[in-house]
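Breakdown of the fold
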Amino acid sequence: MHTDTTSQNLPKVNAKAEDFLPILGTDFVELYVGNAKQAAYYYQTAWGFQPVAYAGLETGKKDTTSYVLQQGKIRLVLTSPMGEGGNINRHISEHGDGVKFVSLWVDDATRSFEETVKRGAKPYAEPYTIEDEHGKAVISGIHTYGETIHLFIERKDYEGPFLPGYKAWTKVYKTETVGLKYIDHMVGNVGWNEMNKWVNFYADVMGFAQLLSFDDKDISTEYTALMSKVMSNGNGRIKFPINEPAEGKKKSQIEEYIDFYNGAGVQHIAVATDNIIETVSELQRRGVEFLNIPETYYDTVLDRVGEIDEDLAPLKELGILIDSDDEGYLLQIFTKPVLDRPTMFFEIIQRKGAQSFGKGNFKALFEAIEREQDLRGTL
Ligand SMILES: [Fe+2]
């Protein structure tokens, strides 16, 4: 769990960011899903998340059921509606399963709401306090791209398993973790020509600053292209790359996402590990599917990135990609979409100094994605 409970002692790593909220880290990511019980089983069994908390009929909640799972500092909430109609059913019908709340852990949810709304955020929820026998929490929320919401979670006076209204979820069935530590970054896909609008939103409304930028020449293949900018808060715990499609010969993966998700939304969640070879070996053993990278990638990769600590053979066998920047290198791999619609996927990342996002791998990666799109008939 989180140990440092105030933002005061977090060093500033992105000097340009204002950090007026301030944010301590990602609190939880909540998905609206068609069948939360089975989704929870998938994240437990395949991904090694541990059961934490539950809200449903047994806890007096009649309209929705939610499961809270955790691994390292990564907290997932899976929520399904219990009846027909209503906003959650509509959300699932329109978008499929997907991320609804990217919730941020803050010192002061009231101030976070006031500061962001004052700067132009569209309010989702005015600050409200919820309580149970374990204490109280304050929550507020604002809209971001698509139907995605940033909740601000203030939990310094709360000692329970998750939040008021949830009960500890004690389960006999347990799985081993796979070594996932924290969310490294979360990527949003937005529509044509909307990247700068949302980059400005994170700068003006949230006080973030841009870390790196790519243009469509950096990250295009023969057929498809996209543009991406990375926004980060001051202490660097929150990194949000924003992608928009760029013109290519064929339909890009961003357009495919927008088509199937019916709008902007969270494209991928990058989760960090200290040992990507062990983590990915275990995930593959448990049936998690990753993008296949051609073997020829490994013929020249070390010429590009220089020396690395790991043997190349297991990286090649698992399909793990390598990239480097001025500060070091990183290892990364991408799952296939984890839903039936080709929308959300995960990235596993191990940083060995590098603070970038794998730009050197984009070409190999996009060609792998295009082969998958071709199979789906959506290229
Ligand atoms: Fe990523």
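Residues numbered from 1 in each chain as written. Predicted model: local features only at pLDDT ≥ 70, side-chain atom pairs only at ≥ 80, totals over all residues.

Some words on the nonpolar core
Within soluble globular proteins, side chains that are nonpolar generally end up buried alongside one another. What counts, and what does not: Residues enter a nonpolar core if they are buried, belong to Ala, Val, Leu, Ile, Met, Phe, Trp, Tyr or Cys, and are joined to the set through C-beta atoms within 7 Å. Think of it as a crowd count around each C-beta: if 20 or more other C-beta atoms lie within 10 Å the residue is buried, if 12 or fewer it is exposed, and in between it is partly exposed, with C-beta placed from the backbone throughout. A run of DSSP states H or I qualifies as a helix once it reaches four residues; a run of E qualifies as a strand once it reaches two. Both are numbered from the N-terminal end. Per the annotation, domain bounds derive from an automatic or database assignment of domains. What counts as a contact here is a pair of residues whose C-beta atoms, placed from the backbone, lie within 7 Å.
Val 68, Leu 78, Val 106, Ile 153 and Val 271 are the most contacted members of the largest nonpolar core, which has 106 residues in total. It is strand β5 (residues 98–106) that provides the largest number of residues to this core, a total of six residues. Looking at this core, you find at least three residues from each of domain 1 (12–168) and domain 2 (180–376). Look past the residues within four positions of Val 106 in its chain and what remains in contact with it is Leu 21, Ile 23, Leu 24, Ser 112, Phe 152, Ile 153 and Glu 154.

Section: helix α3 (residues 109–118)
Stated precisely, the cut-off is as follows: The directions from the helix axis to the C-beta atoms are what the arc is built from.
Buried within α3 are the following residues: Ala 109, Ser 112, Phe 113 and Thr 116. Each buried residue of α3 lies within a common arc of 95° when the element is viewed along its axis, so the set occupies one face. Where α3 terminates, the next one or two residues include Gly 120, which has phi positive at roughly 115°.

Comments concerning the domain arrangement of the chain
This is how it is decided: Just so you know the grouping, Ala, Val, Leu, Ile, Met, Phe, Trp, Tyr, Cys and Pro go in nonpolar, Asp, Glu, Lys and Arg go in charged, and all remaining residues, Gly too, go in polar.
Split into domains, the chain comes out as domain 1 (12–168) and domain 2 (180–376). For domain 1 versus domain 2, the separation of C-alpha centres amounts to 24 Å. Residue-level contacts link 36 residues of domain 1 with 39 residues of domain 2. Listing elements by their share of the side of domain 1 that touches domain 2, those giving two or more residues are β1 (23–32), α2 (86–95) and β5. When its residues are assigned to classes, the side of domain 1 that touches domain 2 shows 14 nonpolar, 14 polar and eight charged.

What about the UniProt feature "binding site: Fe cation" (unreviewed entry) in the chain?
Definition in use: UniProt positions are given in the numbering used here, feature names are shortened, and annotations may be inferred rather than shown by experiment.
UniProt annotation of "binding site: Fe cation" (unreviewed entry) refers to His 185, His 268 and Glu 347 when read in the numbering used here. Across 163 residues, the annotated set stays spatially compact, with a maximum C-alpha separation of 9.3 Å. Among the secondary structure elements, His 185 is positioned in strand β10 (residues 180–189). Take His 185: there are 21 C-beta atoms within 10 Å of it, and that puts it in the buried class.

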